[in-house]
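# A structural walkthrough
Spelled out, the chains give:
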Amino acid sequence: MKRILITGGNKGIGLETTKILSERGHHTIVVARENVNLENIKNCQFIGYDLRNVSGIKALVTTLGELDVLINNSGIMHACSFDNYPTQLKEDLLRINLEAPIELITCLSKQMTDRKSGRIVNVASVAGQIGHPDVWYAISKAGLINATKSFAKLVGPHGVIVNAIAPGPVETDMLNTIPVARKEAVLRTVYSGRFATAKEIADTIVWLALDSPEYINGTCIDLNNGSFPR
Ligand SMILES: NC(=O)c1ccc[n+]([C@@H]2O[C@H](COP(=O)([O-])OP(=O)(O)OC[C@H]3O[C@@H](n4cnc5c(N)ncnc54)[C@H](OP(=O)(O)O)[C@@H]3O)[C@@H](O)[C@H]2O)c1
């Protein structure tokens, strides 16, 4: 049984991921603000924590013991235009989407490199590859993809695997922040004429967290169904 820390494992993509990990017999530690949706999930521990508090992460991690896998999934997006973006919202977004994941990697990679084993999955977005109307969202996700490469370089030689995923739009609450016209435009660019399901994204996260070959390290798996072929 692996011990797996997943941020935002209580809703959307994270919740689907927590369910699959639990069904496969693993112990999940969900870090998020609201203790919801987890009551029937076996081997699941909830820790109420607001990831805007980046400076408290070090102390949080010391209470958790040995962890085999870190999944940086929590993320937010705002419907704000670049020239009228409230400073507080920008700072919160950068903390949750970028600084907190990097702090978690920093705090947990030492125990993983000491054991010469561990996996980290960062949930980025196609926005980090092609840009996005929420410019700070796109910048945060581009940063996370880049951090994935940097950390894989640093910890890969010590037995730790760090990868990212870059989904296009997924059927979760986050989709409600995207205007209808943009959603329709996205649907015209994908092969299947639909958004991804949270389960499809969760299956990929679980694969990287548990099953993918160790030779896949420092990469970003695209899940965009043709909207950004490369
Ligand atoms: N949905 C999409 O179209 C899409 C596409 C590409 C990438 N993604 C990425 O996928 C990840 C999951 O998104 P989702 O679609 O599943 O969205 P979601 O349903 O809105 O879930 C967001 C998660 O982040 C957590 N979270 C938000 N603020 C937090 C905070 N201050 N501290 C700790 N946790 C916080 C939430 O839990 P609490 O509210 O309880 O704190 C929730 O579990 C995000 O990183 C997102 O950027 C989503």
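The notes below deal with the structure included here. Treat the numbers as computed from the prediction; the structure is a model and nothing was measured.

What counts, and where the lines are drawn
- Residues numbered from 1 in each chain as written.
- Predicted model: local features only at pLDDT ≥ 70, side-chain atom pairs only at ≥ 80, totals over all residues.
- Heavy atoms only, no water.
- Helix = DSSP H or I, 4+ residues; strand = E, 2+ residues; numbered from the N terminus.
- Rg over C-alpha atoms; globule rule 2.2 N^0.38 Å.
- Polar contact = N/O pair within 3.5 Å; in protein donor to acceptor, adjacent residues only side chain to side chain.
- Expected span 1.5 Å × (residues − 1).
- Buried < 20%, exposed > 50% of the residue type's maximum accessible area, 1.4 Å probe, protein only.
- Contact = heavy atoms within 4.5 Å.
- Near = heavy atom within 4 Å.
- Areas by Shrake-Rupley, 256 points an atom, 1.4 Å probe, with all protein chains shown as cover.
- Nonpolar A, V, L, I, M, F, W, Y, C, P; charged D, E, K, R; others polar.
- Phe/Tyr/Trp six-rings, centres within 6.5 Å; stacked < 30°, edge-to-face > 60°.
- Lys NZ or Arg CZ within 6 Å of the ring centre and 35° of its normal.
- Pairing = 2+ DSSP bridges.

The number of helices and strands found in the protein is seven helices and seven strands. In the protein, the succession of helices and strands from N to C terminus is β-α-β-β-α-β-α-β-α-α-β-α-α-β. Taking 2.2 N^0.38 as the reference for a compact globule, 230 residues should give roughly 17 Å; the C-alpha atoms of the protein span a radius of gyration of 17 Å, in line with that estimate. Its C-alpha atoms put the protein at 50 × 40 × 35 Å along the principal axes.

Residue position: Asn-73 is located in the loop between β4 (69–72) and α3 (87–115). Within polar-contact distance, the side chain of Asn-73 engages the backbone oxygen of Gly-8 at 3.1 Å.

Compared with the 30 Å implied by 1.5 Å per residue over 21 residues, the 30 Å span of helix α5 (residues 135–155) between its first and last C-alpha is a close match. Turning to α5, its buried residues are Tyr-137, Ala-138, Ser-140, Lys-141, Leu-144, Ile-145, Ala-147, Thr-148, Phe-151, Ala-152 and Val-155. Buried residues along α5 sit in contact with α3, β5 (118–123), α4 (127–130), β6 (160–167) and β7 (220–223). For α5, the capping residue at the N-terminal end is Asp-134, with a side-chain oxygen 3.1 Å from the backbone nitrogen of Trp-136.

Moving on to the site of the ligand. In the vicinity of the ligand lie 27 residues, with Asn-10, Arg-33, Asn-73, Tyr-137 and Thr-172 positioned nearest. Between the ligand and Lys-11 there is a distance of 2.8 Å, counted from an oxygen atom to a side-chain nitrogen or oxygen. Within the backbone of Leu-51, one N or O atom sits 2.9 Å away from a nitrogen atom of the ligand. Its free accessible area being 880 Å², the ligand has 95% of it covered by the protein chains. Counting residues per element, the ones that place at least two in the shell around the ligand are α1 (12–23) and α5. When grouped by side-chain class, the residues that make up the shell around the ligand number 13 nonpolar, nine polar and five charged.

Tallying each qualifying case throughout the model produces zero aromatic pairs. Positioned above the aromatic ring of Trp-136 is the side chain of Lys-90, whose terminal nitrogen or guanidinium carbon lies 4.9 Å from the ring centre.

Our next topic: the pairing of β6. Burial of β6 is extensive: eight of the eight residues sit out of reach of the surface. Along β6, one buried face is formed by Val-160, Val-162, Ala-164 and Ala-166 and the opposite face, lined by Ile-161, Asn-163, Ile-165 and Pro-167, is buried too. In this sheet, β6 lies alongside β5 in parallel orientation, the contact comprising six bridges. Bridging across to β6, Gly-118 finds its partner in Val-160. Bridge count between β6 and β7: four bridges; the pairing is parallel. Counterpart to Ile-165 in the pairing with β7 is Ile-221.

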